[in-house]
Amino acid sequence: MARDWRALSTFYQEVFECVPIGVERDYVGETVNRVTGMSRVRVSGQHLRLPGHGDAGPTLEIFQYEPAGTRPNLTVQGPGFAHLAFEVDDLATKREEIIKRGGRDVGEVVTLPIEGEGSLTLLYLEDPEGNVLELQQWER
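Residues numbered from 1 in each chain as written. Predicted model: local features only at pLDDT ≥ 70, side-chain atom pairs only at ≥ 80, totals over all residues. Heavy atoms only, no water.

Participant: Before we move on, can you summarise the environment of Arg6 with the specific residues and values?
Facilitator: One can find Arg6 in helix α1 (residues 5-16). Judged by its relative accessible area of 48%, Arg6 falls in the partly exposed class. Taking C-alpha positions, Arg6 is 8.5 Å from Ile62, a pair spaced 56 residues apart along the chain. Engagement of the side chain of Arg6 in a polar contact is seen with the side chain of Glu24, the distance being 3.1 Å. (Helix = DSSP H or I, 4+ residues; strand = E, 2+ residues; numbered from the N terminus. Buried < 20%, exposed > 50% of the residue type's maximum accessible area, 1.4 Å probe, protein only. Polar contact = N/O pair within 3.5 Å; in protein donor to acceptor, adjacent residues only side chain to side chain.)

Participant: Give a description of the sheet that holds strand β2 (residues 42-49) that names residues and reports values.
Facilitator: Whether parallel or antiparallel, the strands of a sheet pair through hydrogen bonds between backbone atoms. In space, the 3 strands of this open sheet follow the order β1-β2-β3, with antiparallel pairing throughout. In this open sheet, the two edge strands, each paired with only one partner strand, are β1 (19-28) and β3 (59-66). For this sheet, the mean inter-axis angle between neighbouring strands, taken without regard to orientation, is 15 degrees. Taken together, the 8 bridges between β2 and β3 define a ladder with antiparallel strand orientation. Following the sheet pairing, Ser44 is matched in β3 by Gln64. (Pairing = 2+ DSSP bridges. Axes fitted to C-alpha atoms, helices over the stretch in contact; angles between N-to-C directions.)

As structure tokens, this is what we get:
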């Protein structure tokens, strides 16, 4: 759920080169009430294709609900889906771009040797709405 789906969609398109697919969605009425288990709700947003997987790749669904519910932001150690991970070519540059767009660091940059794979440099941060991201940069 996004607080501002258009702004969050733009963030993922510009920072991670996600691509909008299909039409923008705007649902209201009995069908959306039944599927969400809510009443008098409007759901708006769009799907973004994640990078690196071609036309049939997985998507990130960025939707906004009105009226908006509340929940604390997820944390790195929380149960369930806690974060999205993106492999990047230049972790430091991508980090700076996220910070400039309203994100913030969660932890520090670390490098882990992965036997048989190489070195993995990674960092946890938050996007502008407080969702946890992991940036990964491999050296093989």
